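Chain by chain, the residues:
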Amino acid sequence: MAALLKFPGRDAPIAERVTDPFLAMPLAAREEAQRRLSIIRPALTRVSQQGVSIRAAAAWLAASFADGEPSARTLARWLTQYQTGGIVALAPAYKGRPRKARGWEARAMHLFAQPQRPNYATVALWLRQEGFQEASEHLVRRYLKSLPSDASDTSRKRVGAHYYQQNIKPHVVRDSSVLPVGFVYEGDGHTCDVYVAHPATGRAYRPELTVWVDVRSHRVVGWWLSESESAETTLFSLSHALIGHDHTPSFVHCDVGSGFKARLMTDEASGFLRRFDIAPIFALPGNAKGKGLIEGFFHWFEERCGKRFSTFCGHCRTDDALRHLRQRVEKGVVKLPSLVDYAQAVKDYFEFYNGNPQRGLDDLSPNDLWQTLERVPLEVPSVAVVRPRETRKVVRWSLALHGRTYRADELAQFEGREVLVEYSLHDDSLVWVFDEKGRFIAEAQLNEKMPWLSDSRIQDGLERRAAGQRKRLQVKLDEVDARSRKPISAASMLDALDAPAAAPRAIEMPDASSPIPALPMPAPAVSLQIVRPLDQAAHAATVAACEAAPAPMETQSQRFARCLQLSARRDAGLPLAEADAAWLAIYETTPDYTAARMVFEDFGSLSGVPNHNEGNP
């Protein structure tokens, strides 16, 4: 965009201001000069064409006036002035009575140009208190009003730097017609000016609306209602925009709020944009003009949609019907709209907005321009999954979420406590569990599924598909389920690498019927380059160590306890068996060990693992 719009530099030369002296005079002076020129015009013709002197021409012209006015002497003076200075010289020379300097003018300007915005009478009073007894109110008012506006009423110091920047100082108007449709999305969060009933408590609250608008067509492409602006609501609304239209923009234009820059620059959120090669453009802090499209959209949204509700609480409301709102709601005086009703009204307004012609679009509607979209489809729509979080209490090593039960052995350490549960909107086969500080605990598998289906889950919709469609997807679903249940063992992987390239053999998978130890949430996929071991003897020892590793029945706590025992012997200088040493070296590099180490360091013996580092090994 920067290449499309060119702006003059700070050191660019400023063109000199050319002012016509005649136009710079007051209107009354210009009219008088034109009147005098119309009177002396016949005499000017006589002087220029017949060579008559100015005095003779003035006498001739004065004789033609019956009343003798203006006199010949006055006409001669006008003729002389016109020949020397043109029509400007014919204007009255009287400039009015010169103003008398009183000594308090500079002080009055300083007192008036303050952010407290004192009025004229206050400034006059302060001047008299400082010893300027002649500073009457009418003199101070007349003087301050005679100053240029940028030195009095609209001076930067009086109105404030922010107001001056946003409402008085000129700004660059950007031309969005040079952009293709769907090239830039502009988004922002807005606290709605309508009180609705909270779906959980029933009390009044103002929901947060996050909207994304296409800059070229002005079409609303994605939106989300939530309790407050956050990175999650930003990703929810943007994910809705991407999946709903199967189109990837090149840029997203947003502010530096907590829901946009703070998390968009981290791995969690910026990685979401990086998957689709979307570049973020951040507006300057405090510069509402930078996102004028979305700011103006929210203004008309409240004007045409928010004001339909009796609980509208915008600044333009004139009554006090919403005072003591909580008590009025409890007494039934004020009835709050439900969140479902408000969300439906928002959806209806967006549909009206997208289909309504706009003057800024040459009387076309956003939907009309959106038809010219050159779609850039998503490679894998499921990559746009955004996982929300909810708080749940651990009961019997299990979690209840949306009519489903999830279980993991690691939850035994959090029995009776509240944890954070992160779930996918696209797959309900497992959830990710975190403690109160956001640290990962385990992946909890689906243990029991209720017979009814949730409308908000894509998996429920897949179950209603035709049998033929389910057959075509069954092969891929089986592979996904197998990967999520059990990872490939290190011994099987090394064994497969050692096999001849001409006759590759299948990697042995663990028995699916055996208990599956819970593992941490898999890290993002990275590109790995595996090199075949050169030392065959060391390779054989590593394979033997992997085969001698603990059985799958061993839990995470037991594996970590064994690691502590072996590491304590190693630190004490005691010899370790070759298989134990190889197993310890591999285990200390796994995410399983990292997660267990974090829990052990924070909780000690409360984590259920005895501290074998204390005392003798």
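About the cut-offs
Residues numbered from 1 in each chain as written. Predicted model: local features only at pLDDT ≥ 70, side-chain atom pairs only at ≥ 80, totals over all residues. Heavy atoms only, no water. Helix = DSSP H or I, 4+ residues; strand = E, 2+ residues; numbered from the N terminus. Buried < 20%, exposed > 50% of the residue type's maximum accessible area, 1.4 Å probe, protein only. Contact = heavy atoms within 4.5 Å. Areas by Shrake-Rupley, 256 points an atom, 1.4 Å probe, with all protein chains shown as cover. Phe/Tyr/Trp six-rings, centres within 6.5 Å; stacked < 30°, edge-to-face > 60°. Polar contact = N/O pair within 3.5 Å; in protein donor to acceptor, adjacent residues only side chain to side chain. Pairing = 2+ DSSP bridges. Axes fitted to C-alpha atoms, helices over the stretch in contact; angles between N-to-C directions. Salt bridge = Lys/Arg side-chain N within 4 Å of Asp/Glu carboxyl O. pLDDT = per-residue confidence, 0-100. Disulfide = S-S within 2.5 Å. Expected span 1.5 Å × (residues − 1). Core = buried A, V, L, I, M, F, W, Y, C linked by side-chain atoms within 4.5 Å. Bend = angle between axes of the 7 residues up to and from the residue.

Student: Would you mind showing me how to read the overall build of the protein here?
Tutor: When you go through the protein residue by residue, the secondary structure sums to 23 helices and 13 strands. In the protein, which comprises 617 residues, the share counted as buried stands at 35%. Contacts in the protein between residues at least 24 apart in sequence constitute 62% of all its contacts with a sequence separation of at least 6. Surface exposure of the protein reaches about 37600 Å², of which carbon and sulfur atoms provide 54%.

Student: Any chance you could explain the packing of aromatic side chains here in plain terms?
Tutor: The geometry of an aromatic ring pair is captured by two quantities: the separation of the ring centres and the angle between the planes. Taken as a whole, this structure holds 18 aromatic pairs when the rule is applied. Seen in terms of ring centroids, Trp104 and Tyr143 are 5.9 Å apart; in terms of plane orientation they differ by 90°. Their pairing is edge-to-face. Here Trp104, found in the loop between α4 (72–89) and α5 (105–112), pairs with Tyr143, found in helix α7 (residues 137–146); they are 39 residues apart in sequence, far enough to count as distant. For Tyr143, a relative accessible area of 13% puts it in the buried group. Pairing Phe297 with Tyr349 gives two aromatic rings, centres 6.5 Å apart and planes at 50°, and the pair type is tilted. In this pair, Phe297 sits in helix α13 (residues 292–304) while Tyr349 sits in helix α15 (residues 339–355), placing the two residues 52 residues apart along the sequence.

Student: What exactly am I supposed to notice about unusual backbone geometry here?
Tutor: Leaving glycine aside, a negative phi is the common case for residues, and trans is the common case for peptide bonds. Positive phi is not limited to glycine here, since Asp362 has a value of about 60°. A relative accessible area of 66% places Asp362 in the exposed class. The backbone phi angle of His402 is positive, close to 55°, even though this residue is not glycine. Mapped onto the fold, His402 is located in the loop between β9 (398–401) and β10 (404–407). Looking at His402, the relative accessible area reads 27%, which means it is partly exposed.

Student: Got a minute to help me understand the side chain of Asn354 in this structure?
Tutor: Along the chain, Asn354 falls in helix α15. At 3.0 Å, the side chain of Asn354 forms a polar contact with the backbone nitrogen of Val220. If near-sequence neighbours (up to four positions away) are discounted, Asn354 is found in contact with Arg219, Val220, Ser365, Pro366 and Asn367.

Student: Explain the sheet that holds strand β4 (residues 208–214) here, please?
Tutor: Strands belonging to one sheet form pairs held by backbone hydrogen bonds; the direction of such a pair is parallel or antiparallel. The strand order β5-β4-β1-β6-β7 describes an open sheet built from five strands, whose pairing is mixed. This sheet does not close on itself; its edge strands, each paired only once, are β5 (220–226) and β7 (279–282). Sheet twist, expressed as the average angle between the axes of neighbouring strands with direction ignored, equals 20°. Where strand β1 (residues 184–191) lies against β4, seven bridges are found, and the strand directions are antiparallel. In the sheet register, Asp188 faces β4, and the bridge partner there is Val211. Set on the sheet, α15 makes contact with β4 and β5; between it and β5 the angle comes to about 165°.

Student: Teacher, can you tell me more about the pattern of salt bridges here?
Tutor: A side chain with one charge can pair with a side chain of the opposite charge if their charged atoms come near. For the structure on display, the rule yields 16 salt bridges. Among the salt bridges present, the one from Glu32 reaches Arg35, with a minimum N-O distance of 2.7 Å. Of this pair, Glu32 and Arg35 are both found in helix α2 (residues 27–50), three residues apart, which corresponds to roughly one turn of the helix. Among the residues examined, Arg35 registers a relative accessible area of 41% and is labelled partly exposed. Salt-bridge contacts for Glu32 lead to Arg36; the nearest nitrogen and oxygen are separated by 2.9 Å.

Student: Teacher, can you tell me more about the confidence of the model for the protein here?
Tutor: When pLDDT drops low, the exact placement of atoms in the prediction is not to be read closely. Chain-level pLDDT for the protein is 77 on average; 72% of the residues reach the 70-or-more range. Between residues 262–270, whose pLDDT stays under 50, and residues either more than four places distant or in other chains, the model counts 17 contacts. Of the regions scoring below 50 in pLDDT, residues 501–531 engages in 46 contacts with residues more than four places distant in sequence or in other chains.

Student: Would you mind showing me how to read the state of the cysteines here?
Tutor: Here is the idea: a disulfide is a covalent bond, and it sits between the sulfur atoms of two cysteines. Enumeration according to the criterion identifies zero disulfides in this entry. Not engaged in a disulfide, the cysteine Cys192 finds its nearest cysteine sulfur in Cys305; these two sulfurs lie 8.4 Å apart. Taking relative accessible area as the criterion, Cys192 reaches 0% and is therefore assigned buried.

Student: When you look at α4 in this model, what are you seeing that I'm missing?
Tutor: Two residues of an α-helix separated by three or four positions point the same way, owing to the 3.6 residues in each turn. Compared with an ideal rise of 1.5 Å per residue, which puts 18 residues at 26 Å, α4 spans 18 Å between its outermost C-alpha atoms and falls more than 12% short. If you check which residues of α4 are buried, you get Thr74, Leu75, Ala76, Trp78 and Leu79. The inward-facing, buried residues of α4 contact α2 and α3 (54–63).

Student: Just to check I follow, could you spell out the environment of Met109 for this structure?
Tutor: With respect to the helices and strands, the residue Met109 is situated in helix α5. Met109 sits in the partly exposed class, given a relative accessible area of 30%. When the C-alpha atoms of Met109 and Val123 are compared, they prove to be 9.1 Å apart, with 14 residues separating the residues in sequence. Setting aside chain neighbours within four positions, we find Met109 in contact with Tyr143, Leu144, Leu147 and Ala151.

Student: Is there a simple way to explain the environment of Ser152 in this structure?
Tutor: Inspection of the secondary structure puts Ser152 in the loop between α7 and α8 (156–159). Overall, Ser152 belongs to the buried group, its relative accessible area being 2%. For the pair Ser152 and His110, spaced 42 residues apart in sequence, the C-alpha to C-alpha distance is 9.5 Å. In this view, Ser152 contacts Phe112, Leu144, Leu147 and Arg158; residues no more than four positions away in its chain are not counted. At 3.1 Å, the side chain of Ser152 and the backbone oxygen of Pro148 are in polar contact.

Student: I keep staring at the nonpolar core and nothing clicks. Help me out?
Tutor: If you look at soluble globular proteins, the nonpolar side chains tend to sit buried side by side. Among the nonpolar cores identified, the biggest contains 23 residues, and Leu209, Val211, Phe297, Tyr342 and Phe350 are the most heavily contacted of them. Elements with a minimum of two residues in this core: β4, β5, α13 and α15. The greatest single-element share of this core, amounting to six residues, is contributed by α15. Those residues in contact with Phe297, other than ones at most four positions away along the chain, are Val211, Val220, Tyr349, Phe350 and Tyr353. Counting 20 residues, the second largest nonpolar core, distinct from the first, contains Ile40, Leu61, Leu79 and Leu90.

Student: Whenever I open this one, α2 confuses me. Can you help?
Tutor: Taking 1.5 Å of rise per residue, the 24 residues of α2 would be expected to cover 34 Å, and the 34 Å separating its terminal C-alpha atoms lies within 8% of that figure. Maximum bend of α2: about 50°, positioned at Ile40, with proline Pro42 one to four residues after it. Taken together, the buried positions of α2 are occupied by Ala29, Arg30, Glu32, Ala33, Arg36, Leu37, Ile39, Ile40, Ala43, Leu44 and Val47. On its buried face, α2 is in contact with α1 (21–24), α3 and α4. Downstream of α2 by one or two residues, Gly51 has phi in the positive range, about 75°.

Student: What should I look at first to understand the pairing of β4 in this one?
Tutor: Where a strand is regular, its side chains alternate between the two sheet faces. Taken across its seven residues, β4 has seven buried, putting it largely inside the fold. Of the pairings in the sheet, the one linking β4 to β5 comprises six bridges and is antiparallel in character. Along β5, the bridge assignment pairs Val211 with Trp223. Where β4 folds back on β5, the antiparallel hairpin that results is connected by five residues, among which His218 adopts a positive phi of roughly 65°.

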